[in-house]
Each structure stands twice: as C-alpha cells, then as structure tokens.
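Report on the structure
For reference, the chains in residue letters:
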Amino acid sequence: MKLKKTVLLGATIGGLLAGGYASAAEQFIGLPSYRVGPYAAGGSALFGAWIDYMQMINERDGGVGGVKLVWEECETEYNNARGVECYERLKNKGETGNSVFQPISTGITYSVLEKVAQDKIPMVTIGYGRTDAADGRIFPWVFPMVTTYWSQASGIVNYIGMKEGGMDKLKGKKIGLLYHDSAYGKESHAIMDKLAAKHGFEVIKIPVAHPGNEQQSQWLQIRQAKPDYVILWGWGVMNPTAIKSAAKTGYPREKMIGVWWSGAEEDTVPAGSAAKGFTAAGFNVAGTNYPLIKDIEKHVYAKGKGNMEDKSRVGGVYYNRGVVSGIITVEAIRKAQEKYGQGKALTGEQMRWGFENLNMDAKHLASIGATGFMPEMQISCLDHEGSGKVKFQQWDGSKWKVLTDWVDSDKPLVRGMIEESAAAYAKEKGITPRDCSKEM
Amino acid sequence: MFYREAGQFKASYQADQQIFPIRQDRVAVWALIVFFAAVVPVIADQYWLKAILIPVLIFSLAALGLNILTGYAGQLSLGSAAFMAVGAFGAYNFMLRIDGMPFLLALVMGGLCAAAVGVLFGLPSLRIKGFYLAVATLAAQFFIVWALVKFPWFSNYSSSGVISTQEISILGFVFDGPTSKYMLTLAVVVVLALAAKNMVRSSTGRAWMAVRDMDVAAEVIGIRPMRTKLIAFAVSSFYCGVAGALYAYTYLGTVEPEGFNLDLSFKILFMIIIGGTGSIMGSFLGAAFIVLLPILLDNFVPSLLGDLVSSSFVSNFQLIVFGGMIIFFLIVEPHGLARLWQIGKEKLRLWPFPH
Amino acid sequence: MQFFLEVLIGGLLSGVLYALVALGFVLIFKASGVFNFAQGAMVFFAALTFVGFQEVLPGWTGLEEGGSAVFWLAFALALVSMIILGILTEKIVLRPLVNQPHITLFMATIGLSYLIEGIAQGVWGANVRGLDLGIEDVPVEWLMESSNILVSKFDLVAAGIAGVLVASLALLFQYTKIGRALRAVADDHQAALSIGIPLQHIWVIVWGVAGFVALIAGMIWGARNGVQFALTYTALKALPVLILGGFTSVPGAIVGGLIIGASEKLAEVYVGPFVGGGIESWFPYVLALLFLLVRPEGLFGEKHIDRV
C-alpha cells in the first residue's frame, strides 16, 4: 500500500514535470504474502525481495516498457482459506486485474488451482506447488517454473552420483531420506523409489513428525542403519534440529544433502558450528555479488526504500529466491509486451502468453545481471518447468559457498512421471489436453 | 414495544411446540432466510460469495457442531478440525468409490463417518473431564491428521496427499458457479441449523444440558450419562463432518489433511466462545466475527499504518489487534455476542417505557 | 541392548526438557486455575527477547559483543520483560476475568498467545537466530568409548539445569512464606483471601516465576533448535506431560516428562516402522489418554470428588 501510494505520487509528479503527460500505465501485481507466525522467517524475505526487485525496476528503468509496476500485499498467514480470500480480493484490483498469482504456499496453490483457469490469471509456483502442472497441455494456467520437487530429487541423486564418481557407483549404496511427515515430505517417495530401482541403491525413509523439534529417535535409527548419504527433505525448525542431531550422533554433515527448503541461512545459523559442511540444493544461489543485487542495493536501499527491516538479510538464500520471483514476473511482462505492445497494462491472458514464451538463455540472464544466479530456462506450451536444474551450495560456517555448476535432472524419467500424473488428473477432471503444435 | 409476545395465544399443542414460538422470531428468521437466499445472491458479487459468505456459512456449521458438544453438553473438545477432515475425506471417498453416488448422500455419509470417529474419541469423556478431556481430544486432532497423511488410500494415492473434489451435481443440475455453490451451502446449513434448534429443546437437548450443568445430578434423576455424552459427540461430529465436506466441495475444491490443523480447531472454539456458548445464533455470529475480523484488519490496517512502519510490522500488528480484540470481547461480554442480542431483545421489548 | 539404552536415555533427557515447559503451565494452573495456553508463546517471547537484547546491547552500551557482560545484562533485561509481561497479563487480562468459567480464561490465554507472538515478531523481526550457550552438543566421550552408548553432553547439562530449577521451586513452595501463601491460594482462593493473603500479589509473583521458567526453557530449547517461532510448539510437547502428571503437581511434571519422553522415543523406534513412522505427533497424547482412563486426575493430580 505504502509503495503503491509512493509510486502513484511519483507518477503524478513525473507526469506534471513532463508537462501534461497522461498518467502512465500501471501493471498490477497482487502479493499474497505472509509475514506472521511460523512462516514469517521465509515469507518476510521472499516477499520483501520480490518487492525490492520490482521497486528497483521502477527506480532504475521507470518500470517495464514504460509501465510502472504497482502491487498490493494481502496477508495470508500461509492459511489456505485466507489465501483464497486474498486471491479473490486481489483478482480485480488494478487496471487489468491481478496479472499473476504467486502464493509461495503449496496449500494455497492447490486451493486456487481451478479458479485461476476460470479467471484467466496465470499462477506461477517456483519451487513448490503441484509438480505435474509442469505438463502445460493439461495445466495451461499453472507454471511450476524453474524446477520441481521431482527434478530436484533426481538432481540430488545425480549429484551423489557425481561425488561417487559415476552413476553406476550408486549400486548397493544406502541413501537415507529424512522427510517432513506431511504431504510435502511424501512428495519425495515416488521419485526416490523410481530412482532407487533404476540405479540400484536402497532408500531408507525416515519420517519426522511436524514440527520436528525433536529428532533423537530418527538419528539413532540413522546411526544404526549407517546410510552413505542422508537427504534432508525438511521444513522450518526440522532443519537445524536435524543438523544438530546429526552432529550429536556423529553423522558427517558433508554427507547430508538438503533440499531447497532446507538450505537457507535460517536453517544453518541456528545449528551453529554443527552446520559446517552441510550441503543443500537450490535453484538460486546466495550472495550479493551479482549485478542485479548490487542494483537493488544502489537503487532501492541507498534511497531508503528497501522492504527488508534487516538489511543484512539481502543476499540470503530466501531473499535471492524472492528475487527470482521478481525476475520471472518482470521478464514475463517484458516478453508479453513484445507481442501485445508497450506502454499499457497487460491482462492475465496476455501475461500467460508471456510466461509460456519465456526464454531466458545465457545471453538474457547476462543482460539482466543474473548470470549464475539462477539456471537458464525455456518455457514452452509443453514444458512449464523450463529448467529442472539445481546448484549445490555448502555452508562454510558463516556463509553459503557454491560447490557445483547447474546439475541437471534425469529428464526422461521425471518428465515421464509428470505426464503420467497429469494425464491421470486430466482423465479424472475430464480435461482435453491442448494441442501444443497449434499454440503460438 | 417492538418485541412483545403478549397477545400471542396458542390454541393447539402444535402451535405451542413450534421451533420459534414467538411471532417476531418467526418473522425475523424467515426474513433472514429469504434475504440470504433471494436477495444476497443478486446483490453480492463473486468476491463476497466465494471469499466471505461461503466460508462464514461453513464455519457457522462447524461452530454449531462444537457448540452442541461444548455449549449444550459441556464437553470441551479441541479436535473439531480433525472431525471436519474426516467428513471431507469421507465424502470424497464415497463419491470416488461408489459410482453414481448422489452428492447429498455422500455429504451425509461423510458426516456419519465423522460421527463414528467422534463417538470413538468421545468414549474417554465418560471418565475424563474438563481440561483433561480437552487435552485428550488433541489425541484425535493429531492422530486423524496423521492417519490421513499416512495411509494413501484416503487420498486415492495422490502423490501429494491432496484431494481434488469431484463435480457436484444434484438431479442433473451442476453446481459450479459461486452462486449455485452458495445456495447449496446455505440450504444445507439452514436445514441443519433448524434441526439443531429443534434438537436442543427436545429431550435429548435437555439431557445434554442436565449433564452439562452437573452430570452426577443428571445421573441421579435418571439420565444415562454415557448415552447422552456419546450422542452429543456423534451429533457434534456429524455437524463438523458435514461442514468439512462442504469446506472441501463448495469452498476450496482441493484440500490437504494439514489444512485441518490445530489452529483451525482453535478458531472454531473461538467462534463459539465469542459468539456465545449454548446458542445456535451465537455460532453464526461467532463464525462471522472470527472469519471477518482478520480480513477487515487486513483491509484497513495497512492503509492506516502503511506509511509509518514496515510491512512486516503491519502484519504483526494485525495479529496483535486480533488477539487483543478477542481478549477485549471476552472481558466485556464473556457470554458472547448472542448475549448482546438477548440484551437487545430485552430492550426492544421494554422500549420506550423501561419501567 | 546398547541401542535400546541409547534411545531410552535420550528419551528421558528429552522428557526433562518437556517437563521444563510443562512446569510453567503447572505453576499458573496451581495458583490461579488458569490453563495458560500462552506458555508456549511466552517461551518464544522470552528467548527472542533475550537474543534480541544480545544483538542490540553491544551497539547501545559499547560492551564487547558475545561477552559475558552482554549475556547477563540481556538475561536480566529479558527477565524484567517477562515479569512486566506477567504483571500486565494479570492486570489487563486476568483480573477483569475473575470468576469467569475456566474455558473463557483458557480462550483468553489463546488470544494472549496471538498478542505475544505478534509483539515478539513485530519488535524483533522474523529472522531465525542462533543461540550459543557455550555447551557443546556432542556425545559424552567416556560413555561412548566404554560402552558405545551415545548420550549428548548438552542434554545432560540441560537436564541438570531443569533438575535444579524444579528442586528450587519445590523448596520455594515448601519452605518460604510466599510458598505457603501460594499453596494456600492454590487450595482455596476465598479462604486465602479471607485470612489476608493478597491474591493479586501472589498472582503477579506466579506469573513472574512462570516467566522466569519460560526464559530458561526458551534459552535451552533455543540453543537446541534456534530461536524461532517453532519454540511455541514446545507447548504441544508439554501438554501430554501435563495431563499425565496432573495439572497441579510440580513433581508430576517431571515424572510425566520422563515417561512421555522415554515412551515416545521407544515407540517411534520400535513401533513406528510397522505403521509408517512419524507417530511422535500423536503417541504421547494417546498414551496420556489411555493412562487417564485408569486415573482421570493424572499421576499426582488432586482427586476430584463429585457431590450432588
């Protein structure tokens, strides 16, 4: 609200100075954020960064193609019912209504999954949400972009293979899967079973009951089973507790690999020195040494317009993840403007086209100053995921250090599972898949 | 003056046994029903129907269920959300596994599943009382959610544990728009609310209240506490179960077990405490209050405070105000909003000559 | 056998930490009959305030960062905050609600927990912080070498602190004037008032002591898992302890904690695999429930006799 007003004011003053210049077009973006309760630690950085990035674009470039970005937050408390209310409230705001919905909550994603198609608002879920929505033929309005949980699991196994010196070395190995005992954690099972069958390793699945602030029994079990690696598929307090309990039971942290919701400063800092050596996957990296983060510092924080209360969190894993949300939103607007023209607000339908034709290759990433920050990706009608690659970072005791280049997933296997699952959904709901050869 | 029952004579037993014996009440209830059934769908936009009215109705039903158990039968429960989950997943599985299952029947069956589970977890109430019972019902809360996540059969082996509800169609009419879903929800809620109103003044309801006020005394005068308490658990869970099924079918469309968490149970408990325990109308008022207050705060607080403080503080401030308002209401009117209504009625009766 | 012992000892030690949180509930319930659900929020608030002061104090006072002066000053300030919180709670929330049904008071404390959580995160921000008490969380070496049994040093120390705390509280209750007054209030508010015990003062003291217990619990749990919102969930671990041990008994909290801690770990390890694991979320509650069927007032609770 505050920012919206400031932007409006800025636009008005700018208009007066330009001498009778008609009020600039505005692209409205609804932000279903959460900043209270157990999810606040992630939410404040994710949404703060997203806002900072849009603010930077406004400050530096005067918006996208002459269109100012405006936004409004709506507090969801990470609660599905509140999320639906926010979705409905934000839907018709702004000139052309809400142009993209990114709840950053799998529960809310599911709750509005069918509504977005009816209302023609694209929903982008980066690193969470419904995995099989990557099949764009069946889910035209949903974009589980960059990478999905299944690609990530496969990427982690590929990384373990790399460490062992070849995928054939995985045969006979034992991989522990310490997962959050919820729908989120169970998402790992099917893909890990498939990968285990393919590569001949054994998966030891160990659930941790929510919230996971006590893991004595789990780690004693791990101590008994002696797995070669442990994949930490955790959330929130479960992560530092797992790292600490690993230290307590003498399990080497170098052999622990976290998923992207287990690999932020919020997960390692509370674990103190125990976290040193812990490795985690991520579709974005930490650090401020990227041109676009520098621009945020220069154009936003230097002017005192930053959204983060604690500026030291800029450049953290969650923060940079929020920047990815911002990048993708802005780049989709840019793409859609190529087709539908600059200088006016886009509708949800036009934005959808922008997302579907997003092509962020190395050159494009370099042009926005995000080389190495996030993987290259290309979205198409068929593939709404676009990349499926992850990088691995290691905690050195005070910061995340990038270990690898982008590690790819087992595309044919993951894609096969996605298509199978999406087809089942289409059959259940009576959806006829789009014919992608007729799109464009 | 406006609310005077003097002069209303009942000439038959039937007239004496109506649900609303006072004419003004009858008129008011009918007016309300007509308003919500005929006027609201015309004037309310999609936002109001989808995001406000449907959830308020559904939570009213859940609160009504808990009110039967806590307000009328005096048994404290912190597991209402879990019983809602049983209703939602029950209805889903009946619809899924039986071809041509009529929706309303699935709704009832979902409610009955919840009732059966409710009776099971109600059994300890025969020996355990007060807060010990409340904490014991948390066993139901955690166990049910755990079981729904753990056994994939319940969610038809979906990889994420989330169920996506089937289309609702009754006698060939498909309920897919917000208005039709709202009407369906309203119909179910009105029928069940009238049934509850009727039930609490029947011998069952009187037995509940006797047990609530003093179960030993109730036993002495010949009320079987076991039967009475278990019926209360069954009926209450049935209401919660139906509310849960509606929550899945007419409101969210897709639900996950974790959505029915302890926090939701607390919210439902708040609804009856704020609305008024032992009052059907209180359940509606309480549900409206608890659903609307945070939305109201989120609409107004940012524009009031937005320029002064960070957005994180704005969100936290809303939580502070929400907590503060609850405490405030408990202090000013510990008997709930329903009590305020009663006071209002009394005033209307005496006005303009209060002495 | 070695594995069994490991699990058992680990469970008992965790149990003591559950008891530490349960203790806060018991104190308040005993003295004022309030089932204070905000205890979990108080644990969070206390730990966050402590860490928050640790962060800002060096900037304010110029003291050395991470030094013991900062530690104790932050501790003192956090304690003062908890006592102020207790006094305000008593004055603003509880006093106007005297003589209301228990459930109304209970709901008021849930409202209070929203309030406290909002204030905590509003003032100090939502960041997750680490907390280092200087006790290493590593296995005790001689046990490891002699019998290959793994026992955490940190858990031992934490259990020791909890033990000292409980013993001193028990002494306070038993042998001091305040303790006698507390027990009198717990027995009968009216009678205590009529013999001239200042009820309000007693309540303030009890809330202050509960705040102190919350601070200790928050620091220990915060050092284990980080100072973050999840500290409020420690209350959920404490509830089964509470009903098992009885709402009104300090030793009950400890014994209940030991039973719950040990049995939940053993169940997870030995029963869990047969039903898919993750049973720690509900097992303690079911155990407590089954136990209550035999003894409805908990292990050490006061027997309640119904009269017509």
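Reading the values: rules and limits
- Residues numbered from 1 in each chain as written.
- Chains lettered and ligands numbered in written order.
- Predicted model: local features only at pLDDT ≥ 70, side-chain atom pairs only at ≥ 80, totals over all residues.
- Contact = placed C-beta atoms within 7 Å.
- Helix = DSSP H or I, 4+ residues; strand = E, 2+ residues; numbered from the N terminus.
- Nonpolar A, V, L, I, M, F, W, Y, C, P; charged D, E, K, R; others polar.
- Expected span 1.5 Å × (residues − 1).
- Buried ≥ 20, exposed ≤ 12 C-beta atoms within 10 Å, placed from the backbone.
- Pairing = 2+ DSSP bridges.
- Right-handed = clockwise from strand over helix to strand, strands pointing away.
- pLDDT = per-residue confidence, 0-100.

1. Let's talk about the interface of chain C and chain A
Taken together, the 36 residues of chain C in the interface contact 38 residues of chain A. For the side of chain C that touches chain A, the elements supplying multiple residues, two or more each, are helix 1 (2-32), helix 4 (102-124), helix 9 (199-225) and helix 11 (250-270) of chain C. The greatest single-element share of the side of chain C that touches chain A, amounting to 6 residues, is contributed by helix 1 of chain C. Per-class residue counts for the side of chain C that touches chain A are 11 nonpolar, 16 polar and 9 charged.

2. Considerations on helix 6 (residues 153-175) of chain C
Residue and element names in this part refer to chain C. With 23 residues, helix 6 should reach 33 Å at 1.5 Å per residue; the first-to-last C-alpha distance of 33 Å fits that figure. Listed in full, the buried residues belonging to helix 6 are Asp 155, Ala 158, Ala 159, Ala 162 and Val 166. Residues of helix 6 that are buried sit in contact with helix 1, helix 9 and helix 11.

3. Focus: the pairing of strand 6 (residues 202-208) of chain A
Residue and element names in this part refer to chain A. In this structure, strand 5 (residues 174-180) lies alongside strand 6, joined through 7 bridges in parallel fashion. Paired with Ile 175 across the bridge in strand 6 is Val 203. Each parallel crossover has a hand, and the one from strand 5 via helix 6 (residues 183-199) to strand 6 is right-handed.

4. Quick notes on helix 9 of chain C
Residues and elements named next belong to chain C. With 27 residues, helix 9 ought to run about 39 Å at 1.5 Å a step, and its terminal C-alpha atoms sit 38 Å apart, in line with that. Taken across its 27 residues, helix 9 has 23 buried, putting it largely inside the fold. Gly 226, located one to two residues past helix 9, shows a positive phi value of around 90°.

5. Notes on the interface of chain B and chain C
Chain B puts 37 residues into the contact, and the matching count from chain C is 39 residues. Here the side of chain B that touches chain C takes 13 residues from helix 13 (residues 311-332) of chain B, the largest share from any one element. For the side of chain B that touches chain C, the per-class residue count stands at 29 nonpolar, 5 polar and 3 charged.

6. Thoughts on the confidence of the model for chain C
Looking at chain C, pLDDT values average 88 and 98% of them are 70 or higher. ipTM for the predicted complex: 0.90, alongside a pTM of 0.92.

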